[in-house]
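Given next are the chains, with one letter for each unit.
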Amino acid sequence: MEEAAIGDAELNWSRLSVSAETLESELEARAEERRGSREALQRLLLSYNRLTSLPRALGSGFPHLQLLDVSGNALTALGPELLTLSGLRTLLARNNRLGGPGSLPKGLAQSPLCRSLQVLNLSGNCFQEVPASLLELRALQTLSLGGNQLQSIPAEIENLQRLECLYLGGNFIKEIPPELANLPSLNYLVLCDNKIQSVPPQLSQLHSLRSLSLHNNLLTYLPREILNLIHLEELSLRGNPLVVRFVRDLTYDPPTLLELAARTIKIRSISYTPYDLPGNLLRYLGSASNCPNPKCGGVYFDCCVRQIKFVDFCGKYRLPLMHYLCSPECSSPCSSATHSSTSQSESDSEDEASVAAHRMQKVLLG
């Protein structure tokens, strides 16, 4: 059988047009050849073949293996052979049929993998819950369980104290447990394409978090505490009611003749007394709101333009907030977190467009 690629440290047998039985026998032969050899195989790629179980040769022939890729097969279980790979750091088993009883080997939490495994990718399988044994793999830095059938995130996720990247997108998760905030090293959290309705304020304790993906959920608001994520560089919110409502409301109906006349009186400072106008018009004139654009100086009454503005909070992160303007031609650059009808400093408004790119954080609205 021809090898797709081979080196002293890597054996790539991905996408081979042979039966699983042939692959098994060839792998056993290769394991026999390497016994006593100084060449230590570190990477074994067996993705996209027709494997229904892990090759038995893994149990004795590859003691120094650091990466195993068995993605894109038909595996329904990861057998006991996995437990013998005491130096394994990366296990890629995405797009299989894992998720039923016995999908993971017994004794996983007590095996050497508990101390060695750093990257685990089980995305695209059939897990309905996070297996308890995975939560004992204390050396994990990256855990991917996207595209499964997960209903919840267990509170015991906080056991994975070294976790830096958690990918749980494309499931049926409804809630974010506050215990998730107890992961001090977490940099990337992906919870997109779920059924999440709210974000717990405890998430603000993730001080190392740089990217938070929450798009395509059911969020209607964000807690103010999220502003404490001082290292956050990317916040993805598109496809949530929070954003959909904002976009839907970006409409503008022309002001009435009454409002146009009232605006003219206010803008031109036309004087009047309580004896000049009926009481209802006096009350109407008193309800004027100032346009927040410092360059405008206009007012509005019943008719205004709703506009989403990316607000720069202390130059560290940006969030979408609703602003009300007097007309579509009016723009209102903002560079502070205050949402009010009072004017902001003109210098801050002019500086917004020139803030350095590396300081600008991304809020993805789609």
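Rules behind the numbers
- Residues numbered from 1 in each chain as written.
- Predicted model: local features only at pLDDT ≥ 70, side-chain atom pairs only at ≥ 80, totals over all residues.
- Heavy atoms only, no water.
- Axes fitted to C-alpha atoms, helices over the stretch in contact; angles between N-to-C directions.
- Helix = DSSP H or I, 4+ residues; strand = E, 2+ residues; numbered from the N terminus.
- Parallel < 35°, antiparallel > 145°, perpendicular 65-115°, else oblique.
- Left-handed = near helix turned anticlockwise from the far one by under 90°.
- Contact = heavy atoms within 4.5 Å.
- 1 Å grid on protein atoms, 1.4 Å probe; cavity = no way out; pocket = protein on both sides within 12 Å on 5 of 7 lines; lining within 4 Å.
- Points joined across faces, edges and corners; volume = space filled by probe spheres on them.
- Nonpolar A, V, L, I, M, F, W, Y, C, P; charged D, E, K, R; others polar.
- Salt bridge = Lys/Arg side-chain N within 4 Å of Asp/Glu carboxyl O.
- Buried < 20%, exposed > 50% of the residue type's maximum accessible area, 1.4 Å probe, protein only.
- Phe/Tyr/Trp six-rings, centres within 6.5 Å; stacked < 30°, edge-to-face > 60°.
- Lys NZ or Arg CZ within 6 Å of the ring centre and 35° of its normal.
- Core = buried A, V, L, I, M, F, W, Y, C linked by side-chain atoms within 4.5 Å.

Novice: I'm lost on the packing of helix α4 (residues 257-267) against helix α5 (residues 279-286) in this one. Help?
Specialist: Any two packed helices are characterised by how steeply their axes cross, that is the angle between the axes, and by the distance between the axes. Contact pair α4 / α5: the axes reach a minimum separation of 10 Å and the direction vectors enclose 65°. Put simply, α4 runs roughly perpendicular to α5. Pair α4 / α5 crosses with right-handed handedness. Residue-level contacts link Leu258, Glu259, Ala262, Ile265 and Lys266 of α4 to Leu281, Tyr284 and Leu285 of α5.

Novice: Before we go on, may I ask you to explain empty space enclosed by the protein in this structure?
Specialist: If you roll a probe as big as a water molecule over the atoms, it shows you where there is empty space left. All told, the structure shown has two cavities of 30 Å³ or more when counted by the stated rule. In this structure, the largest cavity occupies an estimated 50 Å³ of space. In this structure, the largest cavity is lined by Leu78, Leu82, Leu91, Leu104, Leu108, Leu113, Leu117, Leu120, Leu122, Leu134 and Leu137. Within the lining of the largest cavity, the residues separate by chemical class into 11 nonpolar, no polar and no charged.

Novice: Would you take a moment to explain the pattern of salt bridges for this structure?
Specialist: Where charged atoms of side chains with opposite charge meet at close range, the side chains can pair. Scanning the model with the defined rule gives four salt bridges in all. Across the salt bridge formed by Arg43 and Glu10, the nearest N and O atoms sit 2.7 Å from each other. In this pair, Arg43 sits in strand β3 (residues 43-45) while Glu10 sits in strand β2 (residues 10-12), placing the two residues 33 residues apart along the sequence. A salt bridge links Arg263 to Glu259, with the nearest nitrogen and oxygen atoms 2.9 Å apart. With Arg263 and Glu259 both in helix α4 and four residues apart, the pair spans about one turn of that helix. The pair Arg263 / Glu259 is uniform in exposure class, with both members buried.

Novice: Got a minute to help me understand the packing of aromatic side chains in this structure?
Specialist: All told, the structure shown has one aromatic pair when counted by the stated rule. Ring geometry for Tyr284 against Phe301: centres 4.7 Å apart, planes inclined by 10°, an arrangement best described as stacked. Of this pair, Tyr284 sits in helix α5 while Phe301 sits in the loop between β13 (299-300) and β14 (305-313); the two residues are 17 residues apart in sequence, bridging distant segments of the chain. The buried category is assigned to Tyr284, whose relative accessible area is 13%. Over the face of the ring belonging to Tyr48 we find Arg15, whose NZ or CZ atom lies 4.2 Å from the ring centre.

Novice: Sorry if this is basic, but what is going on with unusual backbone geometry here?
Specialist: With the exception of glycine, most residues fall at negative phi, and the peptide bonds are largely trans. Despite not being glycine, Asn95 has its phi angle at roughly 55°, a positive value. Within the secondary structure, Asn95 sits in the loop between β5 (90-92) and α2 (113-116). Exposure remark for Asn95: the relative accessible area of 37% places this residue in the partly exposed category. The backbone phi angle of Asn216 is positive, close to 60°, even though this residue is not glycine. Looking at where Asn216 falls in the secondary structure, it is placed in the loop between β10 (211-213) and β11 (234-236). We classify Asn216 as partly exposed; its relative accessible area is 33%.

Novice: I'm lost on the nonpolar core in this one. Help?
Specialist: Soluble, globular proteins show a tendency: their nonpolar side chains are buried together. Formed by 72 residues in total, the largest nonpolar core has its most connected members in Leu68 and Leu189. Breaking this core down by element, the ones donating at least two residues are α1 (20-34), α2 and α3 (241-248). It is α1 that provides the largest number of residues to this core, a total of four residues. Sequence-distant contacts of Leu189, defined by excluding residues within four places in its chain, comprise Leu166, Leu180, Leu203, Leu206, Leu209, Ser211, Leu212 and Ser213. If you look at the next biggest cluster of nonpolar residues, it comprises seven residues, including Tyr300, Val305, Leu325 and Cys326.

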